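Residue strings, one per chain:
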Amino acid sequence: MSPEATNALIAFEPVSPRLIAARFNAKGRKTTLIQCYAPTNAATDEEKENFYSALQAQIDKSPKRNIKIVMYEALSSLAEETIEQKWLGKQELWKSSGTDMLGKRKNEQKEWITAETWAKIEDRKEIKQKMNKCKDEKEKINLRTHYCQVNRMVRKSAKEDKRQFIQEMIAEAETAARQGKMKRLYEVTRTLSGKNINPNKPVKDKVGNILTIDTEQRDRWVQHFDEILNHPLSSNIPDIPPSNHLLNVCTDPPTKLETIRAIKNMKNGKAAGPDGIPPEALKADPAISADILHPLLKQIWEEDIIPSDWKLGYLIKLPKKGDLT
């Protein structure tokens, strides 16, 4: 380590042969650095479980106010990792980092209810609990009367909140329409209408029989796309003479600069694919994401092998007018 890092070192703990933790006194806040060498897919389930349990225990052990940095590197004791194993390791890195830093998504309350209304709802809840626990009949009558009053206040306040929310959404929709932001306009319209399209519509086979079993529907979709995308070769193949001028096409592996540029050009707000990594996770720091992805992309280019996840995709049915089957 450098002299600066040595002076900033607070504690050092070799947890296991695959896990090392250190605390540094950084500017503003202390930093916990965890260096881990994760087992690959060739390892046994017990080795993987022990490693991730130790890693999670070390993360939980670190002080809450510390900045936590997990440095990941795959270490195989059996053989050199394949492209598939490398991609799975990087995929797990982004998922675990996102979970540790951002946490799981929580159920949100209705956005149109204000804090004042929620306070009244809590008061009504407390009165209801007191009324259920009360054994004195006279006191129970008073609590019931008070509960009815508070309940009217809650309903009136919620009605006013919803009216105000609808007015704000209408104004936002008008602004989005004037500015040409059609995506936001459709989101507001869908929120106001309260209608959600159910894409799970029945599927028919070629004869016209409705398929109700999921496996049969999936087989029908496979058959449909196989017929649409795979056409037989034409008998009249055109005779195209070779060009006299060679095109100057670069066939070198992608550079790190090109990787950074591609990451920055990704659109926000897009759903994650089967790997579960949204564009925002890569765009949080394009340079670091490029450092992680570029060696893998270079190896894929040279060996002409891509991970199996990259061949998968989600099929979303969008119902249109007419016969939806």
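Scroll up to find the structure this text is about.
None of these values were measured; they are calculated from a predicted model.

Quick notes on the rules
- Residues numbered from 1 in each chain as written.
- Predicted model: local features only at pLDDT ≥ 70, side-chain atom pairs only at ≥ 80, totals over all residues.
- Heavy atoms only, no water.
- 1 Å grid on protein atoms, 1.4 Å probe; cavity = no way out; pocket = protein on both sides within 12 Å on 5 of 7 lines; lining within 4 Å.
- Points joined across faces, edges and corners; volume = space filled by probe spheres on them.
- Helix = DSSP H or I, 4+ residues; strand = E, 2+ residues; numbered from the N terminus.
- Nonpolar A, V, L, I, M, F, W, Y, C, P; charged D, E, K, R; others polar.
- Axes fitted to C-alpha atoms, helices over the stretch in contact; angles between N-to-C directions.
- Parallel < 35°, antiparallel > 145°, perpendicular 65-115°, else oblique.
- Left-handed = near helix turned anticlockwise from the far one by under 90°.
- Contact = heavy atoms within 4.5 Å.
- Expected span 1.5 Å × (residues − 1).
- Polar contact = N/O pair within 3.5 Å; in protein donor to acceptor, adjacent residues only side chain to side chain.
- Core = buried A, V, L, I, M, F, W, Y, C linked by side-chain atoms within 4.5 Å.
- Buried < 20%, exposed > 50% of the residue type's maximum accessible area, 1.4 Å probe, protein only.
- Arc of directions from axis to C-beta.
- Salt bridge = Lys/Arg side-chain N within 4 Å of Asp/Glu carboxyl O.

Undergrad: Please explain empty space enclosed by the protein as it appears in this structure.
TA: Over the atoms, a rolling probe the size of a water molecule traces out where space has been left empty. As enumerated under the stated definition, the model contains one cavity of 30 Å³ or more in all. By volume, the largest cavity amounts to about 100 Å³. Around the largest cavity, the lining is made up of 14 residues, and of these C36, L55, V70, Y72 and S96 lie nearest the centre. Looking at which element gives the most residues to the lining of the largest cavity, the answer is helix α3 (residues 83-102), with six residues.

Undergrad: What am I meant to see in the layout of surface pockets here?
TA: Here the largest pocket is characterised by a volume of approximately 1400 Å³. At the level of elements, α2 (45-61), β4 (67-74), α3, α9 (279-283) and α10 (286-303) are the ones that each hand at least two residues to the lining of the largest pocket. It is α3 that contributes the most residues to the lining of the largest pocket, 14 residues altogether. Residue classes in the lining of the largest pocket are distributed as 17 nonpolar, 10 polar and 14 charged.

Undergrad: Is there a simple way to think about the packing of helix α4 (residues 115-133) against helix α5 (residues 137-179) in this case?
TA: Between α4 and α5, the shortest axis-to-axis distance is 9 Å and the interhelical angle comes to 160°. Comparing the axis directions of α4 and α5 gives the class roughly antiparallel. The crossing of α4 and α5 is left-handed. In this structure, α4 uses T117, K120, I121, R124, I127, K128, K130 and M131 to contact α5, whose residues at the interface are K140, L143, R144, H146, Y147, V150, N151, M153, V154, S157, A158 and D161. Residues that form the contact of α4 with α5 fall into these classes: nine nonpolar, four polar and seven charged.

Undergrad: For this particular structure, what's the right way to read α5?
TA: Every α-helix winds through 3.6 residues per turn, so residues three or four apart in the chain are directed the same way. A rise of 1.5 Å per residue sets the reference length of α5, with its 43 residues, at 63 Å; its end C-alpha atoms lie 62 Å apart and thus fit the reference within 8%. Lining the buried residues of α5 we find α4 and α6 (182-193). Looking at where α5 begins, the residue whose side-chain oxygen comes 3.3 Å from the main-chain nitrogen of K138 is D136.

Undergrad: Can you walk me through the nonpolar core in this structure?
TA: When a protein is soluble and globular, its nonpolar side chains tend to lie buried together. Core analysis: the biggest nonpolar cluster contains 13 residues, and W87, W94, I263, I277, L282, L293 and L296 have the highest contact counts within it. At the level of elements, α3, α8 (256-264) and α10 are the ones that each hand at least two residues to this core. It is α10 that provides the largest number of residues to this core, a total of five residues. Contacts of I277, omitting those with residues within four sequence positions, involve W87, Q91, W94, A272 and L282. Formed by nine residues, the second largest nonpolar core is a distinct cluster that contains W112, A173, A176 and V188.

Undergrad: I tried to follow the side chain of S157 on my own but got confused; where do I start?
TA: Residue position: S157 is located in helix α5. Since its relative accessible area comes to 13%, S157 is described here as buried. In this view, S157 contacts T117 and K120; residues no more than four positions away in its chain are not counted.

Undergrad: What exactly am I supposed to notice about α8 here?
TA: For α8, the complete set of buried residues consists of T259, I260 and I263. Looking straight down α8, one finds that the buried residues subtend no more than 100° of arc, so they occupy a single side. Exposed and oriented more than 90 degrees from the buried face of α8 are L257 and K264. On the buried face of α8, the contacting elements are α9 and α10.

Undergrad: Sorry if this is basic, but what is going on with the pattern of salt bridges here?
TA: Between side chains of opposite charge, pairing is possible as soon as their charged atoms come close. Inspection of every chain in the model, using the stated rule, returns six salt bridges. The salt bridge involving R163 is made with E160; its shortest N-O contact spans 2.3 Å. Separated by three residues within a single helix, R163 and E160 lie in helix α5, roughly one turn from each other. Overall, the relative accessible area of 39% leaves R163 in the partly exposed class. Residue class for E160 comes out partly exposed when judged on its relative accessible area of 39%. Note that E187 is salt-bridged to R184, the shortest N-O span being 3.1 Å. In this pair, E187 and R184 are both assigned in helix α6, three residues apart and thus about one turn of the helix distant. Its relative accessible area of 27% is what places E187 among the partly exposed residues. Taking the relative accessible area as the measure of exposure, R184 reaches 31% and is therefore partly exposed.

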